[in-house]
Amino acid sequence: MTAYELLATNLSTLQILSEASVDVGDIKYIEMYKEYTRMAHEGHKMTYIAYYISEEYGINKATFYRVIKKFGQVIEL
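This text gives an overview of the structure that appears in the document. (Residues numbered from 1 in each chain as written. Predicted model: local features only at pLDDT ≥ 70, side-chain atom pairs only at ≥ 80, totals over all residues. Heavy atoms only, no water.)

**A look at helix α3 (residues 30-41)**
Convention followed: Strands here mean DSSP runs of E at least two residues long; helices mean DSSP runs of H or I at least four residues long; both are numbered from the N terminus. Between the first and last residue of a helix there are one fewer steps than residues, each counted as 1.5 Å, and that sum is the expected span. Only heavy atoms enter the contact rule, under which two residues are in contact if any of them lie within 4.5 Å.
Here α3 spans 17 Å end to end across 12 residues, near enough to the 16 Å set by a 1.5 Å rise per residue. The inward-facing, buried residues of α3 contact α4 (46-57) and α5 (61-71).

**Thoughts on the nonpolar core**
The condition that has to hold: The term nonpolar core refers to a set of buried residues drawn from Ala, Val, Leu, Ile, Met, Phe, Trp, Tyr and Cys, joined through side-chain atoms within 4.5 Å. Only protein chains enter the accessibility calculation, which uses a 1.4 Å probe; a residue is then buried when its area is under 20% of its type maximum, exposed when over 50%, and partly exposed in between.
Membership of the largest hydrophobic core is limited to 11 residues, which are Y29, M32, Y36, M39, I49, A50, I53, I59, F64, V67 and I68. Secondary structure elements with two or more residues in this core: α3, α4 and α5.

**Remarks on the packing of aromatic side chains**
Quick reminder of the rule: When the centres of two rings from Phe, Tyr and Trp lie within 6.5 Å, Trp using its six-membered ring, the rings pair. Their planes under 30 degrees apart give stacked, over 60 give edge-to-face, and anything left gives tilted.
Taken as a whole, this structure holds five aromatic pairs when the rule is applied. Each ring, one from Y48 and one from Y52, has its centre 6.1 Å from the other, and the planes form 25°; the classification is stacked. Taken together, the residues Y48 and Y52, both in helix α4 and four residues apart, mark about one turn of the helix. In this structure Y48 comes out as partly exposed when scored by relative accessible area, which is 41%. The class for Y52 is partly exposed, based on a relative accessible area of 29%. Cluster of aromatic residues (ring-pair linked, three or more members): Y33, Y36, F64, Y65 and F71.

**Points about unusual backbone geometry**
A positive phi angle, near 60°, is found at S21, a position not held by glycine. For S21, a relative accessible area of 53% puts it in the exposed group.

**Observations regarding the pattern of salt bridges**
What counts is decided by this rule: Salt bridges, as used here, are contacts in which a Lys or Arg side-chain nitrogen is within 4 Å of a carboxyl oxygen on Asp or Glu.
Considering all chains together, one arrives at four salt bridges under this definition. Between R38 and E35 there is a salt bridge, with the nearest N and O atoms lying 3.7 Å from each other. With R38 and E35 both in helix α3 and three residues apart, the pair spans about one turn of that helix. Its relative accessible area of 39% is what places R38 among the partly exposed residues. In this structure, R38 engages E42 in a salt bridge whose closest nitrogen and oxygen atoms are separated by 3.0 Å. When its relative accessible area of 49% is taken as the criterion, E42 is described as partly exposed.

**Concerning the environment of K70**
The condition is simple: Counted as a polar contact is a pair of N or O atoms within 3.5 Å, where, for protein atoms, one must be capable of donating a hydrogen and the other of accepting one, and residues adjacent in sequence contribute only when both atoms are in side chains.
Structurally, K70 is set in helix α5. Judged by its relative accessible area of 21%, K70 is partly exposed. Taking the C-alpha atoms as reference, K70 lies 9.6 Å from D26; in sequence the two are 44 residues apart. Ignoring anything within four residues of it in the chain, the contact list for K70 reads S21, D23 and D26. From its side chain, K70 meets the backbone oxygen of S21 in a polar contact 3.3 Å long.

Structure representation (structure tokens):
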């Protein structure tokens with residue numbers, strides 16, 4: 001499969017992602033977001049979650065908050 005074929009096959013999904021400013025490179029944060037939602041559901045405080053995940057994934061807290069905000073955004077289909 002060529003890059004063109006892959007893009008053409010997923011055109012509508014990619015257009016929605018582009019319009020929502022979701023970067024394909026954000027896939028690296030999927031596991032981090034899963035861990036965030038688990039910890040939040042367990043009742044941990046946001047500051048503790050931010051500290052723990054920042055240390056665990058080697059990112060700064062600003063990146064953590066940016067990803068959480070972006071992943072929590074509602075996207076109209």
